[in-house]
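As a plain string of letters, each chain reads:
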Amino acid sequence: TGASPLTWAIAGNYTVGVMANLAKQLLELQGVDLELNDKRGRIQAIAGQLVESEALIAARNDVARVEGLLADLRKTQRDEEAEAADVGSKVKALEGKLYGGAIKNSKELSTIQSEADRLKATQRTHEDKVIDIMQQIEAAQSELKAGREKLNDVEQGWKSDQSGLLKEKEEMAGQVTGLEKQRDALRAGILAPVLELYDSIAGSKQGRVVARVERGTCQGCRINLPVSDIQRARMGKDLVRCSNCGRILFVS
């Protein structure tokens, strides 16, 4: 492929020896840019992980559920105990009439006895419910204990992971700063037309601007190159681009 007008303009600003080194400079710049993108991507990924894990949220929700269940059971227990006590008071009052000797009418005594027996049955029902609820409370307390232990383990593991992630993020940030300085220094040594070409290709090739030539093949698209293109790239008279993928060719 022939050189583009932009490539000729670039060549006009460089000697042949410098042109030969230019592709190498761009390859180095590309390496720094790709590493920068990787580091920045990792920092972004870490930021997404610096939140509560699904396991931690699930463990906390499970504890909250059992705590709510226990609160409901205890309220129900208090209600049933209050009902049993109220009915017991009524039974006691009726038994006072039965055995107090004030009432002599057998029919009236029989009615009182029947009501007392009915209330006693009701009282037993409430008391049985209290016993059942107490058993449920005991089971819920055991479940809560296990849930809190699990939550503590998950929370400790999460905190440990967070500490590691924060440390990694800090290290990555330092590396990014260093790479940015290195990138700025590299770009400062390259003329604007070259950087425009580099940035243009980078935008369409996911940052992979320069392709090595190995065994006559462009390593960017794996296409066999014309011998003339390889010769021109090796001579370093201009920047040679792959006729298939458009990347700048570098022959070591």
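See the structure above.
Residues numbered from 1 in each chain as written. Predicted model: local features only at pLDDT ≥ 70, side-chain atom pairs only at ≥ 80, totals over all residues. Heavy atoms only, no water.

Asks: Would you mind going over the overall build of the protein with me for this structure?
Replies: Secondary structure summary: the protein contains six helices and three strands in total. N-terminal to C-terminal, the α/β element order of the protein is α-α-α-α-α-β-β-α-β. Taken against the 2.2 N^0.38 rule, which gives 18 Å for 252 residues, the C-alpha radius of gyration of the protein at 42 Å runs more than 25% over that of a compact globule. Seen along its three principal axes, the alpha-carbon backbone of the protein occupies a region of about 135 × 35 × 30 Å. The 252 residues of the protein split such that 33% are buried. Counting only contacts in the protein whose residues sit at least 6 apart along the sequence, the fraction spanning at least 24 positions is 76%. Working note: accessible area of the protein is about 15200 Å², and carbon and sulfur atoms make up 51% of it. When the 37 basic and 37 acidic side-chain charges of the protein are each reduced to a single mean position, those positions are 6 Å apart. (Helix = DSSP H or I, 4+ residues; strand = E, 2+ residues; numbered from the N terminus. Rg over C-alpha atoms; globule rule 2.2 N^0.38 Å. Buried < 20%, exposed > 50% of the residue type's maximum accessible area, 1.4 Å probe, protein only. Contact = heavy atoms within 4.5 Å. Areas by Shrake-Rupley, 256 points an atom, 1.4 Å probe, with all protein chains shown as cover. Lys, Arg positive; Asp, Glu negative; His and termini not counted. Charge placed at Lys NZ, Arg CZ, Asp CG, Glu CD.)

Asks: When you look at the nonpolar core in this model, what are you seeing that I'm missing?
Replies: One recurring pattern in soluble globular proteins is that nonpolar side chains are buried together. By size, the foremost hydrophobic cluster in this structure holds 24 residues, and its most contacted members are Leu26, Ile190, Val209, Val210, Leu239 and Ile248. It is helix H2 (residues 16-49) that provides the largest number of residues to this core, a total of eight residues. Setting aside residues up to four positions removed in sequence, Val210 forms contacts with Ala23, Leu26, Leu27, Gln30, Ile248 and Phe250. Counting residues in hydrophobic clusters, the runner-up holds 12 residues, among them Ile133, Ile137, Leu144 and Trp158. (Core = buried A, V, L, I, M, F, W, Y, C linked by side-chain atoms within 4.5 Å.)

Asks: Sorry, what's going on with the environment of Ser53 here?
Replies: Tracing the backbone through its elements, the reader meets Ser53 in the loop between H2 and helix H3 (54-100). Sequence-wise, Ser53 and Lys104 are 51 residues apart; in three dimensions their C-alpha atoms are separated by 76 Å. Polar side-chain contacts of Ser53 include one of 3.1 Å to the backbone nitrogen of Leu56. (Polar contact = N/O pair within 3.5 Å; in protein donor to acceptor, adjacent residues only side chain to side chain.)

Asks: I tried to follow the pattern of salt bridges on my own but got confused; where do I start?
Replies: Two side chains with opposite charge may pair up if their charged atoms get near one another. For the coordinates displayed, the defined rule picks out 15 salt bridges. Taking the shortest distance from any N to any O, the salt bridge between Lys75 and Asp79 comes out at 3.1 Å. With Lys75 and Asp79 both in helix H3 and four residues apart, this pair spans about one turn of that helix. Residue classification places Lys75 among the partly exposed positions, given a relative accessible area of 46%. Among the salt bridges present, the one from Arg232 reaches Asp229, with a minimum N-O distance of 3.2 Å. Taken together, the residues span about one helical turn, with Arg232 and Asp229 both in helix H6 (residues 227-235) at a distance of three residues. Relative accessible area serves as the criterion here: at 22%, Arg232 is assigned to the partly exposed category. Looking at Asp229, the relative accessible area reads 1%, which means it is buried. Residues joined in a network through salt bridges with shared partners are Glu52, Arg60 and Glu155. (Salt bridge = Lys/Arg side-chain N within 4 Å of Asp/Glu carboxyl O.)

Asks: For this particular structure, what's the right way to read the environment of Glu35?
Replies: Looking at where Glu35 falls in the secondary structure, it is placed in helix H2. For the pair formed by Glu35 and Glu95, sequence separation is 60 residues and the distance between their alpha carbons is 91 Å.

Asks: Sorry, what's going on with the pairing of strand S1 (residues 210-214) here?
Replies: Regular strands place their side chains on alternate faces of the sheet. Strand direction decides the pairing type here: S1 and strand S3 (residues 248-250), joined by three bridges, are parallel. Residue pairing in the sheet places Ala211 in a bridge with Leu249 of S3. Where S1 and strand S2 (residues 217-218) come together, two bridges link them in antiparallel fashion. Counterpart to Glu214 in the pairing with S2 is Thr217. Here S1 hands over to S2 after two residues, with Arg215 in that stretch at a positive phi of 55 degrees. (Pairing = 2+ DSSP bridges.)

Asks: Even after reading the chapter, I still don't get the side chain of Gln30, so can you show me in this structure?
Replies: Structurally, Gln30 is set in helix H2. One polar contact links the side chain of Gln30 to the main-chain amide nitrogen of Val210, over a distance of 2.5 Å. Setting aside residues no more than four positions away along its own chain, Gln30 makes contact with Tyr198, Gly207, Arg208, Val209 and Val210.

Asks: I'm lost on the side chain of Lys39 in this one. Help?
Replies: You can see Lys39 is positioned in helix H2. No salt bridge is formed by the buried Lys39. Its closest oppositely charged neighbour is Glu35, at 4.2 Å. With near-sequence residues (within four places) excluded, Lys39 lies in contact with Met172, Gln175, Val176 and Leu179.

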